[in-house]
Amino acid sequence: MISAVLPTYNRAPMAFVQGEGSWLTAEDGTRYLDLGSGIAVNALGHANPALVQTLTEQAQKLWHVSNVYRIPEQEALAQLLVDTTFADTVFFTNSGTETAELAIKMARKYHYDKGQPREEFLAFEGAFHGRSTGAIALAGSEKMTKGYGPLMPGFRQLPFGDLEALKAAISDKTCAVIVEPIQGEGGIRALSDAFLREMRALCDAHGALLIFDEVQCGMGRTGRLFAHEWAGVAPDIMMVAKGIGGGFPLGAVLASEQAASGMVAGTHGSTYGGNPLGCAVGAKVVQIISDPAFLAEVSRKGALLRQGLEGLVASHPAVFAEVRGQGLMLGLKCVVTNTDVVKEGYGQHLLTVAAADNAIRILPALNIPDEDIAEALKRLDAVAAALEAA
Ligand SMILES: *Cc1c(COP(=O)(O)O)cnc(C)c1O
């Protein structure tokens, strides 16, 4: 018989009842060290006191009013994002998937309003942009699209990081090129700074818009507020979600004035998007993470963790092959099956997340204490030892 919950997930058997910082407590009282953060969502740890306070205060004042009215909390968060990024304007959503939908619509509308409609988006293999009909057509993998046809037309996927393929595919018919500066679901695969700069130049040369999906790699994960800042190039449109709500469902599409020029009154909307509760929490998250001292700490902690992981690769070459990523968006490409590593982690009361390309993701809270990093490395070492003995 089918379960009451639609069985679209292969779930681990644990259920958690409480969280604090980098730790989760299961129903049976066991404490787990959380290196997954709800897949890069709980960026400031579980039950962060500052966020709990902001949420509670706002909850006592006002939750929802609808975008029929001005929403001061939304305006404040938008201003904060405009002040700290390339963007001139922001639209709020409740998820990453919804940001993909708006990014697609915004790019097409931009060209349409210029009197030269363009349909084609260029994306990259291994990408993940969400699960809506548009987002799966954009990423294009068989795993996500099979059985859901006909797919929305106008999307093409190029081999990951293949500059020659991009040069050959881009033209004056290209609507936009979309890329995650570091692929998350795809296995913590980063594009080089040089590649991102070439992409920017190619888009400019052909009048195509450049869209960065920073849903997973953004919000301080790499040690900069957004990952693309390392390359010194800005997109025209950027998708943000996951970490920006610190656990509260919140997403945002950031855009330059020019790229957003087609999105006038009536062209897009969301009932919940930009509600006072989510935006109050989001503003607190952005204030904390955008502080240069906080971001420097992310880089320092990332280097500490990375050094430890490199050590594990050296001491367990039959289990781990390679460390990937930047800051606290790290991955371990495995020699053994990645899901076996994740499962053995559960046995050591350690939570990691599997990704494609036989990698596991290590996405701890950005404020993880150094002693929790040391404990995580100890447990990962035990995971590898157990797998070697098996
Ligand atoms: C998670 C993710 C999405 C989709 O976000 P949802 O909130 O699950 O809809 C889109 N793009 C990237 C890069 C992601 O990691």
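For clarity, every value in this text was computed on a predicted model and none was experimentally measured. (Residues numbered from 1 in each chain as written. Predicted model: local features only at pLDDT ≥ 70, side-chain atom pairs only at ≥ 80, totals over all residues. Heavy atoms only, no water.)

Draft legend 1. Inspection of the overall build of the protein chain at higher detail. When helices and strands are counted, the protein chain shows 12 helices and 17 strands. Overall size of the protein chain, expressed as C-alpha extent along the three principal axes, is 65 × 55 × 50 Å. Looking at the protein chain as a whole, 50% of its 390 residues qualify as buried. A sequence separation of at least 24 residues applies to 72% of the contacts in the protein chain between residues at least 6 apart. Put simply, the protein chain shows about 17000 Å² of open surface, and 54% of that area lies on carbon and sulfur atoms. Across the protein chain, the centroid of the 31 positively charged side chains sits 3 Å from that of the 42 negatively charged ones. (Helix = DSSP H or I, 4+ residues; strand = E, 2+ residues; numbered from the N terminus. Buried < 20%, exposed > 50% of the residue type's maximum accessible area, 1.4 Å probe, protein only. Contact = heavy atoms within 4.5 Å. Areas by Shrake-Rupley, 256 points an atom, 1.4 Å probe, with all protein chains shown as cover. Lys, Arg positive; Asp, Glu negative; His and termini not counted. Charge placed at Lys NZ, Arg CZ, Asp CG, Glu CD.)

Draft legend 2. Molecular detail of the site of the ligand. All residues adjacent to the ligand are Ser-95, Gly-96, Thr-97, Phe-128, His-129, Gly-130, Glu-180, Asp-213, Val-215, Gln-216 and Lys-242. A distance of 2.7 Å separates a nitrogen atom of the ligand from a polar atom in the side chain of Asp-213. One nitrogen or oxygen atom from the side chain of Gln-216 is found 2.7 Å from an oxygen atom belonging to the ligand. In isolation the ligand exposes 380 Å². Once the protein is present, 84% of that is buried. For the shell around the ligand, the residue count by class is 2 nonpolar, 6 polar and 3 charged. (Near = heavy atom within 4 Å. Polar contact = N/O pair within 3.5 Å; in protein donor to acceptor, adjacent residues only side chain to side chain. Nonpolar A, V, L, I, M, F, W, Y, C, P; charged D, E, K, R; others polar.)

Draft legend 3. Broad picture of the sheet that holds strand E1 (residues 16-20). On the basis of which strands lie adjacent, the open sheet formed by 4 strands has the order E1-E2-E3-E15 and mixed pairing. At either end of the open sheet lies a strand with only one pairing partner, and these are E1 and strand E15 (350-351). Looking at chain direction, strand E3 (residues 31-34) and E15 are connected through 2 bridges and run parallel. Within E15, the position partnered with Leu-33 by the bridge is Leu-350. Along the sheet, helix H12 (residues 370-389) makes contact with strand E2 (23-26), E3 and E15, crossing E3 at roughly 100°. (Pairing = 2+ DSSP bridges. Axes fitted to C-alpha atoms, helices over the stretch in contact; angles between N-to-C directions.)

Draft legend 4. View of the pattern of salt bridges. Per the counting criterion, the structure on display carries 17 salt bridges. A salt bridge links Arg-306 to Glu-310, with the shortest nitrogen-to-oxygen separation between them at 3.3 Å. Placement of the pair is Arg-306 and Glu-310 together in helix H10 (residues 292-315), with a separation of 4 residues, close to one helical turn. Look at Glu-310 and you get partly exposed, because its relative accessible area is 38%. Salt-bridge contacts for Arg-379 lead to Glu-375; the nearest nitrogen and oxygen are separated by 2.8 Å. (Salt bridge = Lys/Arg side-chain N within 4 Å of Asp/Glu carboxyl O.)

Draft legend 5. Quick look at the domain arrangement of the protein chain. You can read the domains of the protein chain as domain 1 (16-34 + 292-389) and domain 2 (50-289). Taken residue by residue, the interface counts 20 residues in domain 1 and 20 residues in domain 2. Summed over both partners, the interface of domain 1 with domain 2 buries about 1600 Å², with 61% contributed by carbon and sulfur atoms. On inspection of domain 1 and its partner domain 2, the count reaches 1 salt bridge. In this structure, Arg-361 engages Glu-185 in a salt bridge whose closest nitrogen and oxygen atoms are separated by 2.8 Å. At the boundary of domain 1 and domain 2, one finds 6 residue pairs in polar contact (both at pLDDT 80 or more). Every element with two or more residues in the side of domain 1 that touches domain 2 is listed here: H10, strand E13 (320-326), strand E14 (329-334) and strand E17 (359-362). Ranked by residue count, the leading element in the side of domain 1 that touches domain 2 is H10, at 4 residues. (Domains from an automatic or database assignment. Buried area = accessible area lost by both parts, 1.4 Å probe.)

Draft legend 6. View of the sheet that holds strand E7 (residues 174-179). As summarised here, the arrangement of the 7 strands in space is E4-E12-E11-E10-E7-E5-E6, forming an open sheet in which the pairing is mixed. The sheet terminates laterally at strand E4 (89-93) and strand E6 (155-158), the two strands that pair on one side only. This sheet shows a mean twist of 20° between the axes of neighbouring strands, independent of strand direction. Bridge count for strand E5 (residues 120-124) against E7 is 3 bridges, and the pairing is parallel. Considered in E7, the bridge of Leu-122 is made with Val-177.

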